[in-house]
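Coordinates in review
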Amino acid sequence: MDKLLSAYGEGDAGSETSSAEGSSTNSDATGSAAMGATSLRDVAKSMALAEITPAVKDVLRKEAFTTDSLHRELFHNPTYEDIVTIPKGPVQPHKKALGFEKNMVTGFVEDVYIDQHAFDSEYLIHHSALAAVASETSQSKPIIPKNTEVSKNRGGRAGGGQFLGPWARPDCDVDDEEEVTLGTEETAVTQDSAQTTTATTPAKSTETSSKPPTADPANTPPPQPQGEKKEITSIFHLPELYDYQGRTFMMPPTDLKPYPHKCFLPKKWIHTWTGHTKGVACVRLFPRYGHLVLSGGLDNDVKIWDVYNTMGCVRTYIGHQKGVRDLAFNADGTRFLSCSYDRMVKYWDTETGDVIATFMHSKIPYCVKLYPEGGQNEFLAGCADKKILQWDIRTKATVLEYDQHLGAVNTVTFIDQNRRFVSSSDDKSLRIWEWGIPVPIKYISEPHMHSMPAVATHPNGKWFVCQSLDNQIFVYSATDRFKLNRKKRFTGHIAAGFACQLGFSADAHFLISGDGEGKIWFWDWKTCQPLKVIYAHHGVCIGCEWHPIEASRVVTCGWDGKINYWD
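Residues numbered from 1 in each chain as written. Predicted model: local features only at pLDDT ≥ 70, side-chain atom pairs only at ≥ 80, totals over all residues. Heavy atoms only, no water.

A few words on the overall build of the protein chain. The secondary structure content of the protein chain amounts to 7 helices and 29 strands. Buried positions account for 45% of the 567 residues belonging to the protein chain. Of the contacts made within the protein chain by residues no fewer than 6 positions apart, 50% connect residues no fewer than 24 positions apart. A total of about 31,300 Å² of accessible surface is found on the protein chain, and carbon and sulfur atoms cover 53% of it. (Helix = DSSP H or I, 4+ residues; strand = E, 2+ residues; numbered from the N terminus. Buried < 20%, exposed > 50% of the residue type's maximum accessible area, 1.4 Å probe, protein only. Contact = heavy atoms within 4.5 Å. Areas by Shrake-Rupley, 256 points an atom, 1.4 Å probe, with all protein chains shown as cover.)

Shown next as structure tokens:
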């Protein structure tokens with residue numbers, strides 16, 4: 001080593017001397033010899049250093065110039081080429097599992113693609129109101145009634161058209177209570193809705209006709225003798241209750257999803273449902289989806305109609321002795337209440353048509369409303385004896401009586417997140433009640449006030465509107481003060497003497513109401529100006545309701561026995 005260093009030093013000195021001599025003498029021959037000697041010394045020095053110096057990996061440079069997109073700090077000064085260089089080699093699939101940075105608190109979540117069919121299936125499972133009902137009744141299976149005519153062909157197809165599958169024997173019989181599994185619960189909920197075939201009640205053509213449609217005899221129950229009680233039953237008008245996947249008419253179409261949208265005024269008539277032999281007192285759309293229409297008529301019957309498929313009557317609920325006054329769905333539409341002039345309130349199963357409970361009172365119930373909270377096991381009924389009765393469906397007994405009114409109770413409407421409700425009466429007053437406390441917290445009565453037989457709440461829950469019998473619609477605050485909004489007042493229609501139903505569009509931009517001349521009125525909520533008037537019925541247009549999903553579709557009913565659909 002010492003010899004090498006000494007040689008290195010002498011070489012350097014010699015090179016410096018040679019360069020100095022060469023520069024001083026300016027001799028070409030001497031300079032060439034000095035340069036040759038210097039290059040030989042450099043080569044010898046490099047070879048000697050390579051032999052005695054151990055090999056060292058450039059680990060620091062390799063790690064320093066390897067940039068990672070997840071790191072936000074650089075501990076060296078890389079060049080521009082090192083920063084923009086694309087990483088070479090395959091991507092490590094388990095890089096995040098090796099202790100690298102997480103994109104969530106609990107670990108690393110990878111992006112997963114889901115197709116449209118799987119998304120729609122999961123949407124219906126978690127957002128459909130019928131999914132909860134299907135989970136509760138997952139143990140029950142549909143029962144196919146006995147059919148005596150059995151075909152002898154292969155595949156076991158019964159005379160009524162029920163296909164039992166290729167596993168069935170050609171000569172098999174279906175017993176009275178033989179259970180046939182038509183599909184699992186998950187399949188019944190997630191698949192598309194049934195495309196129902198032709199109904200027993202033929203749907204009316206959408207073409208306009210100068211002659212009024214006649215009542216369909218298939219939808220009209222046989223006349224009952226005077227004094228004889230009508231049997232409680234229901235008539236199903238479709239060929240089959242279940243489709244090939246075990247779904248019923250209660251399932252909404254798969255493409256029908258609630259979402260915020262802008263509404264528009266309807267422009268034309270598109271369909272009419274006929275089947276009631278007398279006037280229709282009220283209509284109710286199926287909650288959230290609106291694919292079914294429930295109607296109560298003065299012919300003692302309640303009917304439910306299809307909106308999207310057959311456009312005909314699906315089921316008739318027969319059980320009241322006199323005309324139906326009011327209807328009320330529960331939150332998921334599986335059951336509903338009906339009150340009639342026969343002084344009875346009935347609780348129905350929408351799908352099967354069975355009467356779950358019957359409540360009798362000494363006076364006529366004018367309105368019914370299910371309590372939206374607490375499992376919906378209680379409801380209110382405003383009666384002609386100046387009382388509001390609170391019934392428990394489980395015990396079929398009266399729980400409370402709200403008896404502060406001085407006249408027949410016309411409406412009951414829940415406000416303030418269902419903690420309170422407002423009632424109107426023939427005593428020309430409004431009273432605000434706390435749920436479960438039979439003492440009013442607010443009494444609204446003015447000398448200029450008239451009776452208000454129809455009340456509706458604004459979609460934002462801050463206001464409620466009242467149909468006054470002096471041909472005006474008043475707006476009240478639904479907050480703690482319940483004050484009259486004197487800046488908003490809707491006029492123009494003729495509603496004196498009639499309890500014409502009120503309604504709002506889904507975006508709360510329009511207010512609608514029927515009147516005594518068969519017209520339906522549309523007002524702008526902000527300006528209170530009438531925007532459009534449609535002549536809808538021959539006689540009184542008593543009920544109207546805006547579709548919750550369709551932007552410009554409205555359902556109306558009147559005392560002419562028709563239910564019209566507008567778009």
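What follows concerns empty space enclosed by the protein. A water-sized probe, rolled over the atoms, reveals where empty space remains. With the rule as written, the count across this model stands at 2 cavities of 30 Å³ or more. Of the voids in this model, the second largest cavity is the one considered here, and its volume is about 40 Å³. For the second largest cavity, the full set of lining residues is H448, M449, M452, F474, Y476 and L484. Grouping the constituent residues of the lining of the second largest cavity by class yields 5 nonpolar, 1 polar and no charged. (1 Å grid on protein atoms, 1.4 Å probe; cavity = no way out; pocket = protein on both sides within 12 Å on 5 of 7 lines; lining within 4 Å. Points joined across faces, edges and corners; volume = space filled by probe spheres on them. Nonpolar A, V, L, I, M, F, W, Y, C, P; charged D, E, K, R; others polar.)

Tracing the chain through its elements places V533 in strand β26 (residues 530-535). The partly exposed category is assigned to V533, whose relative accessible area is 40%. Through-space distance from the C-alpha of V533 to that of F522 is 6.4 Å; in sequence the pair is 11 residues apart.

Our focus in this paragraph is the sheet that holds strand β7 (residues 324-329). Here 4 strands make up an open sheet; going across it, the order is β7-β8-β9-β10 and the pairing antiparallel. Unpaired on one side and paired on the other, β7 and β10 (355-360) mark the two borders of the sheet. For this sheet, the mean inter-axis angle between neighbouring strands, taken without regard to orientation, is 15°. (Pairing = 2+ DSSP bridges. Axes fitted to C-alpha atoms, helices over the stretch in contact; angles between N-to-C directions.)

Attention now goes to the pattern of salt bridges. For the structure on display, the rule yields 12 salt bridges. A salt bridge links K257 to D120; its shortest N-O distance comes to 2.6 Å. Highlighted residues: K257 in the loop between β1 (233-236) and β2 (269-274) and D120 in helix α5 (residues 116-127), separated in sequence by 137 residues. For K257, a relative accessible area of 21% corresponds to the partly exposed category. Put simply, R420 and D416 hold a salt bridge, and the shortest N to O gap is 3.2 Å. Here the two residues R420 and D416 agree in accessibility, since each one is buried. (Salt bridge = Lys/Arg side-chain N within 4 Å of Asp/Glu carboxyl O.)

Quick look at a positive patch on the surface now. A surface patch of positive charge is lined by K442, R481, K483 and R486. One can find K442 in strand β18 (residues 440-444). (Patch = residues over 30% accessible without salt bridge, like charges linked within 9 Å, V, L, I, M, F, W, Y side chains within 5 Å. Lys, Arg positive; Asp, Glu negative; His and termini not counted. Charge placed at Lys NZ, Arg CZ, Asp CG, Glu CD.)

A positive phi angle is found at N418, which is not glycine, with a value near 65°. Along the chain, N418 falls in the loop between β15 (409-415) and β16 (420-425). One non-glycine residue, A508, lies in positive phi territory at about 60°. Taking relative accessible area as the criterion, A508 reaches 14% and is therefore assigned buried.

We now examine the pairing of strand β22 (residues 484-491). The side chains of a regular strand alternate, first on one face of the sheet and then on the other. Sheet analysis places strand β21 (residues 472-477) next to β22, joined by 4 bridges and oriented antiparallel. Looking at the pairing, Y476 lines up with L484 of β22. A loop of 6 residues connects β21 with β22, the two strands running antiparallel in sequence, and F482 in this loop sits at a positive phi of about 55°.

In this section: the confidence of the model for the protein chain. In low-pLDDT segments, the atomic positions of the prediction should not be examined closely. For the protein chain, the mean per-residue pLDDT works out to 77, and 66% of the residues sit at or above 70. The low-confidence segment residues 137-160 (pLDDT under 50) makes 49 contacts with residues lying over four places distant or belonging to another chain. With pLDDT under 50 throughout, residues 171-228 is counted as low confidence; its partners more than four residues away or in other chains account for 117 contacts. (pLDDT = per-residue confidence, 0-100.)

One open sheet accounts for 4 strands, arranged β19-β20-β21-β22; its pairing is antiparallel. Unpaired on one side and paired on the other, β19 (454-457) and β22 mark the two borders of the sheet. Neighbour-to-neighbour, the strand axes of this sheet turn through a mean angle of 25°, independent of strand direction.

The next subject is the environment of E517. Summarising the element assignment, E517 is placed in the loop between β24 (510-514) and β25 (519-524). With 23 residues separating them in the primary sequence, E517 and I494 have C-alpha atoms 7.0 Å apart. Ignoring anything within four residues of it in the chain, the contact list for E517 reads I494, Y535, H537 and G539. Among the polar contacts listed, one links the side chain of E517 to the side chain of K519, at a separation of 3.4 Å. (Polar contact = N/O pair within 3.5 Å; in protein donor to acceptor, adjacent residues only side chain to side chain.)

With that out of the way, let us pick up the side chain of S340. The residue S340 is located in strand β8 (residues 335-340) in this model. Judged by relative accessible area, S340 falls into the buried class, the value being 0%. Among the polar contacts made by the side chain of S340, one reaches the main-chain carbonyl oxygen of K322 at a distance of 2.9 Å. Engagement of the side chain of S340 in a polar contact is seen with the backbone oxygen of G323, the distance being 2.7 Å.

Moving on to the packing of aromatic side chains. Using the criterion set out here, one finds 25 aromatic pairs in the structure. A ring pair is formed by Y317 and F336, whose centres lie 5.1 Å apart and whose planes are at 75°; its orientation type is edge-to-face. One end of the pair, Y317, is in strand β6 (residues 313-318); the other, F336, is in strand β8, with 19 residues separating them in the sequence. Neither residue differs from the other here; Y317 and F336 are each classed as buried. Between F414 and W435 the ring centres are 5.9 Å apart and the planes differ by 55°, which places this aromatic pair in the tilted class. (Phe/Tyr/Trp six-rings, centres within 6.5 Å; stacked < 30°, edge-to-face > 60°.)

Let us now look at the pairing of β10. Bridge count between strand β9 (residues 344-349) and β10: 5 bridges; the pairing is antiparallel. Bridging across to β10, Y347 finds its partner in A357. Where β9 folds back on β10, the antiparallel hairpin that results is connected by 5 residues, among which G353 adopts a positive phi of roughly 80°.

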